[in-house]
Amino acid sequence: MKSIWNVNVKEYPSLKEDKYFDILIIGGGITGISICYYLKECKYKIGLIEQNKLFSSTTLNSSAKLTYLQKDILSKISKNRNIDIALEYLNSQIDAINNIKNIIKKEKIDCDLDKNDSFLFTLNKKNKNKISEEYKLYKKFNINAVKIIKLPDNMKVSSGFKVPDTYVFHPLKYCNSLLKLVDKNISIYENTRFIKYIKYSNYYKVITNNNNYIKCKYLIFANSYPNFLFPYLFPIKTYIEKDNVICEKSKNLYFNAINIDDNLLSIRYYKNYIIKVVNSNKLNVKSVNDNINKNYIYKFNNYDIITYDYMPFIGKIDRNIYIASGYNTWGMTNSNIAAKTISDLILFNDSIYKKLFDPYRKIKIINFLNLCSNMFQSLFSFLSSHLCKRDYATIKYINGKKYGIYIDKNKKRLK
Ligand SMILES: Cc1cc2nc3c(=O)[nH]c(=O)nc-3n(C[C@H](O)[C@H](O)[C@H](O)COP(=O)(O)OP(=O)(O)OC[C@H]3O[C@@H](n4cnc5c(N)ncnc54)[C@H](O)[C@@H]3O)c2cc1C
């Protein structure tokens, strides 16, 4: 299982002594490194800890589209919140694309940025109305959406449309370039895992797996799924989605596409490859059988956090604690918004997105019921995989190191 995005990333030592930083960032993915970028010239002393290697988690396994066309997210946000919030969300994603383009231009970053149209489609007649609803919202919001009957690779669709001014890029080349820009200003430690924090009157004390501690004034959780923050937010308002990413040789076509059908199909191209994301399912079922039998050139799984109103949680959750999570599989854009928002909140005590992505926003009763149903399914799946004879895979930390564990039907364990 190898990602297509591997590049040589500088290695950093693990933490071997106690430290003080004004700002401590937990997590070295695209969110963590983007926060470092926005804070790199401030007066604060900044540290970042990563439990594994930098950019080795979700960011490494992304399909890396920079697009505001995110399935039927505008219709979903309109229904869950309201139409004004859907427009604000759309604008935030367009801002993120522009911010990233500006960074790439300003810093002369070579990350294979390609402009192409984004297509939304369905192969199922039953979903035509959903496509039409989403299309109307883009039109209402003055986006030049155009109806289509087939994709540029000639695949016929039941219904669909395309929007302009979206991009694809190489996420590791982008992150690695940001890393080089912040390297001198930020202290980075790999193989250093956040275990817990203790709150004091004017600082936090973070305990790491190496039994060292870090004192800090500000603490930022950029680690994708800060489940230890329970009972603050997680996993109360979220679930995890697992997708499979597969790559095949192909000629390069300059478009990206995603459907809204039960069988997910997301497509983008990179050089001589087509990258597809398929078989999306909630992480309730731990089976390792992904029903993908073909020998693809690259094949990997990826996980992301889905929230119950389809909007990320970005912002302050305690006196000086911030989180960035719940990107609903659209973290290439949302990580930029998170980094900008959190750095603005720390430096200027304000951000234009403070209210929109407030982690303490209320959830509706209907979402709460969905949440209960998901928790029930998770519990059922957990019990059935542990009590019945079934194979399953999981990730475990043994002596501070991350291992993939496969347990077969006879409970034989393979590391
Ligand atoms: C299949 C798939 C395709 C996707 N495609 C797209 C796309 O086309 N466009 C798009 O916008 N988004 C896409 N996404 C989403 C996007 O890739 C992610 O949202 C984004 O990479 C998340 O970045 P991150 O930095 O927040 O998290 P991560 O990359 O997961 O980084 C978090 C880091 O925190 C570290 N960490 C965790 N816990 C600790 C701890 N206790 N102590 C220290 N470190 C810790 C982890 O090791 C990890 O390195 C996709 C997601 C999936 C699942």
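The structure reproduced in this document is the subject of the present report. (Residues numbered from 1 in each chain as written. Predicted model: local features only at pLDDT ≥ 70, side-chain atom pairs only at ≥ 80, totals over all residues. Heavy atoms only, no water.)

Right, let's get into the site of the ligand. With respect to spatial proximity, 34 residues lie near the ligand, and among them T31, E50, T58, T59 and S63 are the closest. Between S62 and the ligand, the recorded distance is 3.0 Å, taken from a side-chain N or O atom to an oxygen atom. Contacts to the ligand include F194, whose backbone N or O atom sits 2.9 Å from a nitrogen atom. When the ligand sits alone it has 1,000 Å² of accessible area, and the protein chains cover 96% of it. At the level of secondary structure, the elements contributing two or more residues to the shell around the ligand comprise α1 (30-39), β10 (213-224), β11 (238-249), β15 (298-307) and α6 (331-348). (Near = heavy atom within 4 Å. Polar contact = N/O pair within 3.5 Å; in protein donor to acceptor, adjacent residues only side chain to side chain. Areas by Shrake-Rupley, 256 points an atom, 1.4 Å probe, with all protein chains shown as cover. Helix = DSSP H or I, 4+ residues; strand = E, 2+ residues; numbered from the N terminus.)

On to the pattern of salt bridges. Considering all chains together, one arrives at 15 salt bridges under this definition. Where D309 meets R361, a salt bridge forms, and the shortest distance between an N and an O atom there is 2.7 Å. Here D309 is found in the loop between β15 and β16 (313-318), whereas its partner R361 is found in the loop between α6 and α7 (365-387), with 52 residues between them in sequence. Salt bridges sharing partners connect three or more residues here, namely R81, D309 and R361. (Salt bridge = Lys/Arg side-chain N within 4 Å of Asp/Glu carboxyl O.)

Ranked by size, the top nonpolar core spans 85 residues in total, and within it Y138 and Y174 carry the most contacts. At nine residues, helix α3 (residues 83-106) tops the list of elements feeding residues into this core. When sequence neighbours within four positions are dropped, the list of residues in contact with Y174 reads I30, I100, I103, I104, I109, C111 and F169. Of all hydrophobic cores here, the second largest spans 18 residues; its members include Y197, Y204, F221 and I323. (Core = buried A, V, L, I, M, F, W, Y, C linked by side-chain atoms within 4.5 Å. Buried < 20%, exposed > 50% of the residue type's maximum accessible area, 1.4 Å probe, protein only. Contact = heavy atoms within 4.5 Å.)

Going through the model one piece at a time under the given rule, you end up with 17 aromatic pairs. For the pair Y135 and F161, a centre-to-centre distance of 5.5 Å together with 65 degrees between the ring planes defines the contact as edge-to-face. Taken together, the residues Y135 in helix α4 (residues 128-140) and F161 in strand β6 (residues 156-168) connect sequence positions 26 residues apart. Summarising the burial analysis for this pair, Y135 and F161 share the class buried. Ring geometry for Y197 and F221: centres 6.4 Å apart, planes at 45 degrees, overall tilted. Separated by 24 residues along the polypeptide, Y197 in strand β8 (residues 194-199) and F221 in strand β10 bring together distant segments of the chain. When the ring centre of Y213 is taken as origin, the NZ or CZ atom of K205, which lies over that ring, is 4.3 Å away. (Phe/Tyr/Trp six-rings, centres within 6.5 Å; stacked < 30°, edge-to-face > 60°. Lys NZ or Arg CZ within 6 Å of the ring centre and 35° of its normal.)

What follows deals with unusual backbone geometry. Notably, K71 is not glycine yet its phi reads approximately 55 degrees, a positive angle. Relative to the assigned elements, K71 resides in the loop between β3 (65-66) and α2 (73-80). Even without being glycine, N142 reaches a positive phi, approximately 65 degrees. Summarising the element assignment, N142 is placed in the loop between α4 and β5 (146-150).

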